[in-house]
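Chains, contacts and geometry: an overview
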Amino acid sequence: QVQLVESGGGLVQSGGSLRLSCAASGRPNSEYAMAWFRQAPGKEREFAAAINRGGGTRYSDSVKGRFTISRDNAKNTAYLQMNTLKPDDTAVYYCAARGGSVIRSAAGAYDYWGQGTQVTVSS
């Protein structure tokens, strides 16, 4: 079992930056591929970014070039650095983990989820 706890959300103006953190406990997060998803009001949960055990990454087209996913296995933590934020980035951001090293963009491929952290970008 893995427990995930997100932090770092908040209110920021358009063009600003935030860094989200996802602290894992229960098992070393080095055993898992990690991902960030987001869900805006009235919309389905969507993939944002993922990182495999070797550090390989994948991004959705909507965040590519603005967001950076990283991980610190010594701290059992994954991060999402979000720059040049837009009002359309407003959502609850969820951290997720799946066993193995293959990156997947489908939410159903992930076994463990955090409770989410709210990100609100004002115009």
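Here is a short report on the structure shown in this document. Just so you know, these numbers come straight off a predicted model, no measurement behind them. (Residues numbered from 1 in each chain as written. Predicted model: local features only at pLDDT ≥ 70, side-chain atom pairs only at ≥ 80, totals over all residues. Heavy atoms only, no water.)

Regarding the overall build of the chain
- For the chain, the helix and strand inventory stands at zero helices and 11 strands.
- Ordered by position from N to C terminus, the α and β elements of the chain give β-β-β-β-β-β-β-β-β-β-β.
- Scaling as 2.2 N^0.38, a compact globule of 123 residues should have a C-alpha radius of gyration of about 14 Å, and the chain matches this with 13 Å.
- Expressed along its principal axes, the backbone C-alpha trace of the chain runs to roughly 40 × 25 × 25 Å.
- The 123 residues of the chain split such that 45% are buried.
- Long-range contacts, defined here as pairs at least 24 residues apart, represent 61% of the contacts in the chain between residues at least 6 apart.
- Summed over all atoms, the accessible surface of the chain reaches about 6000 Å², with 45% contributed by carbon and sulfur.
- Each charge class in the chain can be summarised by its mean position, and for the 14 positive and 9 negative side chains these summaries are 4 Å apart. (Helix = DSSP H or I, 4+ residues; strand = E, 2+ residues; numbered from the N terminus. Rg over C-alpha atoms; globule rule 2.2 N^0.38 Å. Buried < 20%, exposed > 50% of the residue type's maximum accessible area, 1.4 Å probe, protein only. Contact = heavy atoms within 4.5 Å. Areas by Shrake-Rupley, 256 points an atom, 1.4 Å probe, with all protein chains shown as cover. Lys, Arg positive; Asp, Glu negative; His and termini not counted. Charge placed at Lys NZ, Arg CZ, Asp CG, Glu CD.)

Observations concerning the nonpolar core
- Counting residues in each nonpolar core, the largest one holds 27 residues, and the members touching the most others are L4, M34, W36, L80, M82 and Y93.
- Listing elements by their share of this core, those giving two or more residues are strand 3 (18–25), strand 4 (32–39), strand 5 (46–51), strand 7 (67–72), strand 8 (77–82), strand 9 (91–99) and strand 11 (117–122).
- Counting residues in hydrophobic clusters, the runner-up holds seven residues, among them A35, F47, A96 and I103. (Core = buried A, V, L, I, M, F, W, Y, C linked by side-chain atoms within 4.5 Å.)

Focus on the packing of aromatic side chains
- Under the counting rule described, the total for this entry stands at six aromatic pairs.
- Here the aromatic rings of F37 and F47 are separated by 5.7 Å at their centres, their planes lie at 75°, and the arrangement is edge-to-face. Remark: F47 occurs in strand 5 and F37 occurs in strand 4; sequence separation between them is 10 residues. Here the two residues F37 and F47 agree in accessibility, since each one is buried.
- Judged by centre distance (6.5 Å) and plane angle (75°), the ring pair of Y94 and W113 falls under edge-to-face. Highlighted residues: Y94 in strand 9 and W113 in strand 10 (residues 112–113), separated in sequence by 19 residues.
- The partly exposed category is assigned to W113, whose relative accessible area is 27%.
- The rings of F37, F47, Y94, Y110 and W113 are connected pair by pair, giving a single aromatic cluster. (Phe/Tyr/Trp six-rings, centres within 6.5 Å; stacked < 30°, edge-to-face > 60°.)

Such coordinate-based values are descriptive only and should not be taken to indicate function.
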